[in-house]
Amino acid sequence: MEIMDKKTEERIRQADLITEKEFHKKVFIRGIIEFSNYCRKNCRYCGIRRENAGVSRYRMSPDEIVSVAEMNLQKGIKTIVLQSGEDLSYTREVMSDIIRRIKALDPDCAITLSIGERSWEDYAAFKEAGADRFLMRFETSDRALFRQLHPDDDFDVRMRALQDLRELGYEVGSGFMIGIPGETADADDRNIDMLEKIDVHMIGAGPFLPAAGTPMENERISADLERCLDVYARIRIRFPKANMAAATALDALDKGGRKLSLAAGANVVMPNTTPLKYRDSYSIYERKGKLDDHMADAEYLGVELERLGYVPMWNERGDSLLVKNNG
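A few points on the structure. As a convention, each chain's residues are numbered from 1 in the sequence order in which they are written. Local features are withheld for residues below a pLDDT of 70 in this predicted model, meaning they are given only at 70 or higher, and side-chain atom pairs are given and counted only at 80 or more; totals for whole chains, interfaces and linings count all residues. Computation of side-chain values: all heavy atoms of the structure, hydrogens and water removed.

Observations concerning unusual backbone geometry
Okay, step 1: Here glutamate 139, not a glycine, exhibits a phi torsion of approximately 70°, which is positive.
Okay, step 2: Only DSSP runs of H or I with at least four residues qualify as helices, and only runs of E with at least two residues qualify as strands; both kinds are numbered from the N terminus onward. Considering the arrangement of structural elements, one finds glutamate 139 in the loop between β4 (133-135) and α5 (143-149).
Okay, step 3: Here glutamate 139 falls in the buried class, since its relative accessible area comes to 9%.
Okay, step 4: Of note in the backbone geometry, asparagine 315 takes a positive phi value of approximately 60° without being a glycine.
Okay, step 5: Assignment of secondary structure puts asparagine 315 in the loop between β9 (311-313) and α13 (321-325).
Okay, step 6: In this structure asparagine 315 comes out as exposed when scored by relative accessible area, which is 52%. Relative accessibility under 20% of the residue-type maximum defines a buried residue, over 50% an exposed one, and the middle range a partly exposed one, all with a 1.4 Å probe and only protein chains included.

In structure tokens form, the structure reads like this:
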């Protein structure tokens, strides 16, 4: 891909040098299990929002979740990402038991949760059960825009939850959407500043993509791949030691976008290991047929990484350098 803006080109070059210095071409692999697409929230952009009647809903049983996690561990994927909508049918006790069962399979594995806002007591119980990391994006640092996008959410509650998670000892991941309709011209700057305020260990950012059956399904995509790569590069320059995931949404925006993001600062890839019978129902945005489905296969992904000159880190948790440096 030819980068048109010279400043962006220079930032990407600088970010690539920083990533190589800090991570030595190593790319960490996380296996995502999207275990439920039920959600109590009604975010205006999300395809699995509560009121989207066009979604085929599913819930994986605890036994299914643990079985898929075991298959990941057998393949050498040492981080299991449990992701869902905000589905409170997985109670504190149920989630804690799932976490304990996965940890019993491999006490050295890392478990990352991406299940939205829960109570402090829930977060504490999940940590005690063995959860290591928690991902929760703020999506936008603009309070007014956050309120528009999240009719049943509160910005301060989201910020408090991220603070609680950090105080409980989780590796905390957060991030934002790039190119949200209605954002201000300085949105990228403000969102990157917010990452610093949260004091994140892990970062995730991806473009706004419309989803069918949502109030925003007809909105225009305003963030092209070059802008997204520029944001990745700026994040890497600002946070040289943070883990940063190559978002699947980059491929939906432009096929091959995830691979290009590795040269702009990303050092984590997250193959989708959800059983195929559920995978298409976890439709948080419109795929538009661009995704390389082979990239969901961990073995294929490993071969691709090697072909591109990277070192896929099998049997490695890939803990944040920020955690290690802070003891």
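Concerning the pairing of strand β2 (residues 79-84)
Okay, step 1: For β2, the tally of buried residues reaches six of six residues, placing the bulk of the element in the interior.
Okay, step 2: The alternating pattern of β2 places Thr79, Val81 and Gln83 on one face and Ile80, Leu82 and Ser84 on the opposite face, and all of these are buried.
Okay, step 3: Pairing analysis gives six bridges linking strand β1 (residues 26-36) to β2, with the strands arranged parallel. Residue serine 36 lies in a different strand from β2, and its bridge partner there is serine 84.
Okay, step 4: Note on handedness: a clockwise path from strand one over the helix to strand two, with the strands aimed away from the viewer, defines a right-handed crossover. Read from β1 through helix α2 (residues 62-74) to β2, the crossover connection turns out right-handed.
Okay, step 5: A pair of strands is treated as paired once DSSP finds two or more bridges between them. Pairing geometry for β2 and strand β3 (residues 110-114), over five bridges, is parallel. Bridge assignment links valine 81 to a residue of β3, and that residue is threonine 112.

Quick look at the pairing of β3
On a regular strand, each side chain points to the face opposite its neighbour's, so the side chains alternate between the two faces of the sheet.
Okay, step 1: Counting buried positions along β3 gives five out of five residues, so the element sits mostly inside the fold.
Okay, step 2: Following the chain from β2 across helix α3 (residues 92-105) to the adjacent parallel β3, one finds a crossover that is right-handed.
Okay, step 3: Relative to β4, β3 runs parallel, the two sharing two bridges. Residue pairing in the sheet places leucine 113 in a bridge with phenylalanine 134 of β4.
Okay, step 4: Remark: the β3/helix α4 (residues 120-129)/β4 crossover connection has right-handed handedness.

Details of the packing of aromatic side chains
Okay, step 1: Working definition: a ring pair exists when centres of Phe, Tyr or Trp rings (six-membered ring for Trp) sit within 6.5 Å. Plane angles under 30 degrees give stacked, over 60 give edge-to-face, the rest tilted. Enumeration over the complete set of coordinates arrives at six aromatic pairs.
Okay, step 2: Where phenylalanine 35 meets tyrosine 90, the ring centres are 4.8 Å apart and the plane angle is 80°; that geometry is what we call edge-to-face. Taken together, the residues span a long stretch of sequence, with phenylalanine 35 in strand β1 and tyrosine 90 in the loop between β2 and α3 at a distance of 55 residues.
Okay, step 3: Relative accessible area serves as the criterion here: at 1%, phenylalanine 35 is assigned to the buried category.
Okay, step 4: Residues phenylalanine 138 and phenylalanine 176 carry aromatic rings whose centres are separated by 6.1 Å and whose planes lie at 35° to one another, so their mutual orientation is tilted.

Quick notes on the environment of arginine 100
Okay, step 1: Among the secondary structure elements, arginine 100 is positioned in helix α3.
Okay, step 2: Between the C-alpha atoms of arginine 100 and glycine 130, which are 30 residues apart in sequence, the distance is 6.3 Å.

Digging into the environment of arginine 30
Okay, step 1: Relative to the helices and strands, arginine 30 resides in strand β1.
Okay, step 2: Here arginine 30 falls in the buried class, since its relative accessible area comes to 4%.
Okay, step 3: Distance from arginine 30 to proline 271, taken between C-alpha atoms, is 6.6 Å for residues 241 residues apart in sequence.
Okay, step 4: Whether two residues touch is decided by their heavy atoms; if any such pair falls within 4.5 Å, the residues are in contact. For arginine 30, the residues in contact, after removing those within four places along its chain, are Ile77, Thr79, Val81, Arg133, Asn243, Val268, Val269, Met270, Pro271, Arg317 and Gly318.
Okay, step 5: The definition of a polar contact used here is a pair of N or O atoms within 3.5 Å, where within protein one atom must be able to donate a hydrogen and the other to accept one, and adjacent residues in sequence count solely through side-chain atom pairs. Within the structure, the side chain of arginine 30 is placed 2.5 Å from the backbone oxygen of arginine 317, a separation counted as a polar contact.
Okay, step 6: Here the side chain of arginine 30 touches glycine 318 through a polar contact of 3.0 Å, landing on its backbone oxygen.

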